[in-house]
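Residues per chain, in single letters:
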Amino acid sequence: MGHNVARIFGERDVAYDLVVRNGMVIDGSGMSRYRADVGVKDGKITHIGRIPNGGAEENIDAEGHIVSPGFVDGHTHMDAQIFWDPLGSCSCYHGITSVVMGNCGFTLAPCRKEEVDYVFRNLERAEDISRDAMLAGIDWAWESFPEYLDVLDDLPKGINYAGYMGHSALRTYVMGERAFAEAATEDELATMANLVKEAVRAGAIGFSSSRSPNHETSDYRPVASRAADWNELATMVRAMGEENAGILELAGEPTGANYERAERYFNGLKDLSVETGRPITFGMFATRAKPQAWRPWFDVLNQAADEGGRLFVQVHSRALSVLLSFETTTPFDNFEMWRDIRALPLDEQMAAFRDPETKAKLIKIASTPHNGPKAIGTEARPPDWDWLFHMDSVDGPNPSMADVARQRGVSPVEAMIDLALEHDFKTFFRQPIANEDQDQALEMMKHPRSVVTFSDSGAHVSQIMDSSLQTHIFSHWVREKQAFTLEEAVRLVTYDTATHWGFHDRGLVREGMAADLVVFDPNTIGARMPEVVTDLPASARRLKQTANGINATIVNGQVLLRDNQPTGNTPGRLIRGPLARQ
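Since this is a predicted model, take the numbers as computed values, not measurements.

What counts as what
- Residues numbered from 1 in each chain as written.
- Predicted model: local features only at pLDDT ≥ 70, side-chain atom pairs only at ≥ 80, totals over all residues.
- Heavy atoms only, no water.
- Buried < 20%, exposed > 50% of the residue type's maximum accessible area, 1.4 Å probe, protein only.
- Helix = DSSP H or I, 4+ residues; strand = E, 2+ residues; numbered from the N terminus.
- Axes fitted to C-alpha atoms, helices over the stretch in contact; angles between N-to-C directions.
- Parallel < 35°, antiparallel > 145°, perpendicular 65-115°, else oblique.
- Left-handed = near helix turned anticlockwise from the far one by under 90°.
- Contact = heavy atoms within 4.5 Å.
- Polar contact = N/O pair within 3.5 Å; in protein donor to acceptor, adjacent residues only side chain to side chain.
- Pairing = 2+ DSSP bridges.

Undergrad: Please give an account of helix α16 (residues 469-480) that cites residues and values.
TA: Counting buried residues along α16, ten of its twelve residues qualify, which places the element largely inside the surrounding structure. Taken together, the buried positions of α16 are L469, Q470, T471, H472, I473, F474, S475, H476, W477 and V478. Phi turns positive, to about 55°, at Q482, one or two residues after α16.

Following this line, the structure appears as structure tokens:
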């Protein structure tokens, strides 16, 4: 026996692909940190403890750093981006090693190649994903959802991806143009249910849908899933129940001030989860217009658990803000005269805004109400100047444009133009549209049935930049506000998210687990200022944001990023659902 033990420990002293040395391990469970080396072989964590020097192909010195599991994001829209961006940005820059995509019913499968306009129509406005970029960047090589997963399997990937089958794509595949306005027939319902089962068996993480008025097509109609009645949605969830696999993710329908309607909706979700045994998840924000509206629906989460169902809510770590800039979008881009000038190259725009006569006309036009299409989702909207902020730093607090205008003795519109010109258009204005009250945001984060996720990474690429919501937790809620311990914060974005989506080999630093790791400095981790880049296919623009304080991001045992710089490795994998793993 002694010989066997010696042989085992002898093997542990050598033959590591990677050793992360001298770090403080925060393992994701919430347990206190401890000092240890972490040895990796064949993509798995094989030893945690003291590892003698030598015997590793690659070493990372984590002295003064935390070694944690890779962060997991349960709400992204990277379905199109994965085809042209093997890295997984901007999520990867913020310690994310695994994501769930295909949320809100928006996926690229099932879909026939000749009918791609259907999925583009659903994605283009609702998720602000450029049609030109999708046309240029996606090589369509599938029709069914299982075929789509096989294509994803073969793509080079920096991080790990799991995906839902989306209701809007499913509806247009089965119903064609009728999907945007009509109810499904019984035969169409049966066909859709069978396709959901097929997708879940092939590895879909579940089924997603939207009933949100914020989700419209590029021609200002409801996306396809919004034409479905409750019975259709329930039929798809029951189909997953028959397979005993799959999660329902749902972008919620409007509740407004109608409490009875909201009560029916959330109780309907509860009853559906109890009936089918399927977990159901949805996002929720507080808003200053209805500051306490979220509170009673959190109680339904506990009621579901008492009755044998499972609901969990996705929450954000800060205000949900639209980032406005003259490089991307302002609230006035569709106004008279503004529209023509904003279509010019940026240097010509700057010249026009600097002309006193033109500037005066633009200020006057922007100071009058606009009767154009109403903003939805994360689109820019007419400003409440007390709630539009000059984003002069990433951490804030940022001054309101009302205050800036008072200090300068000009109108808020003129102050906004002047600030943009002073920075050669390279400055942002932050427009919160939800979670304005950070006390309520924190209360939601601390609820035992919430999950802190919801970056929307891959969508709204020129409108929001929430791929950094995880690093914001560490810089703001841990370091500045001390609302969470470091151990609590790591658990929020690792074990909690991984477990809710069934990634049971990730989210913990444990021997035998997948070697997804983040090495970071707790004293400096945090987001950098965003910037506007035009690196998408067809030169489409997007917001990009990297981070400070992350020494290394490791995916499946390979270093993806060192000091936020790509190594060239593409170790990411497709994470298939439980039926495909059997």
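Undergrad: Got a sec to walk through the packing of helix α8 (residues 259-276) against helix α9 (residues 295-307)? Specific residues and values, please.
TA: Where α8 meets α9, the axes come as close as 10 Å, and the angle between the chain directions of the two elements is 25°. It follows from the interaxial angle that α8 and α9 lie roughly parallel. The chirality of how α8 crosses α9 is right-handed. Note on element contacts: α9 touches α8 through P296, W297, V300, Q303, A304 and E307, opposite Y259, A262, E263, F266, N267, K270, D271 and V274.

Undergrad: I'd like a description of the environment of R35, backed by residues and values.
TA: On the secondary structure map, R35 appears in strand β2 (residues 34-41). A relative accessible area of 48% places R35 in the partly exposed class. For the pair formed by R35 and V451, sequence separation is 416 residues and the distance between their alpha carbons is 28 Å. Apart from the residues within four sequence positions on either side, R35 is in contact with N22, G23, M24 and E63. At a separation of 3.4 Å, a polar atom in the side chain of R35 contacts the main-chain carbonyl oxygen of N22. Within polar-contact distance, the side chain of R35 engages the side chain of E63 at 2.6 Å.

Undergrad: I'd like a rundown of the sheet that holds strand β9 (residues 206-210), residues and numbers included.
TA: Taken in spatial order, the eight strands make up an open sheet running β6-β7-β8-β9-β10-β11-β12-β16, and their pairing is parallel. Strand pairing shows two members of the sheet lacking a second neighbour, β6 (71-73) and β16 (450-452), which therefore form its edges. Adjacent strand axes in the sheet meet at a mean angle of 25°, parallel and antiparallel pairs treated alike. As judged from the three bridges shared by strand β10 (residues 247-251) and strand β11 (residues 280-283), these two strands associate in the parallel manner. Within β11, the position partnered with E249 by the bridge is T281. The strands touched by α8 within the sheet are β10, β11 and β12 (311-315), with β11 carrying the most contacts at an inclination of about 150°.

Undergrad: How would you sum up the sheet that holds strand β13 (residues 320-324)? Please name residues and give values.
TA: Pairing is antiparallel in the open sheet, where three strands are placed in the order β13-β15-β14. Either end of the sheet is taken by a strand with one partner, and the two such strands are β13 and β14 (389-391). Neighbouring strand axes in the sheet, compared pairwise and without regard to direction, differ in orientation by 40° on average. Two elements, β14 and strand β15 (residues 428-434), share three bridges in a ladder whose sense is antiparallel. When the bridges of β15 are listed, H390 appears paired with F429.

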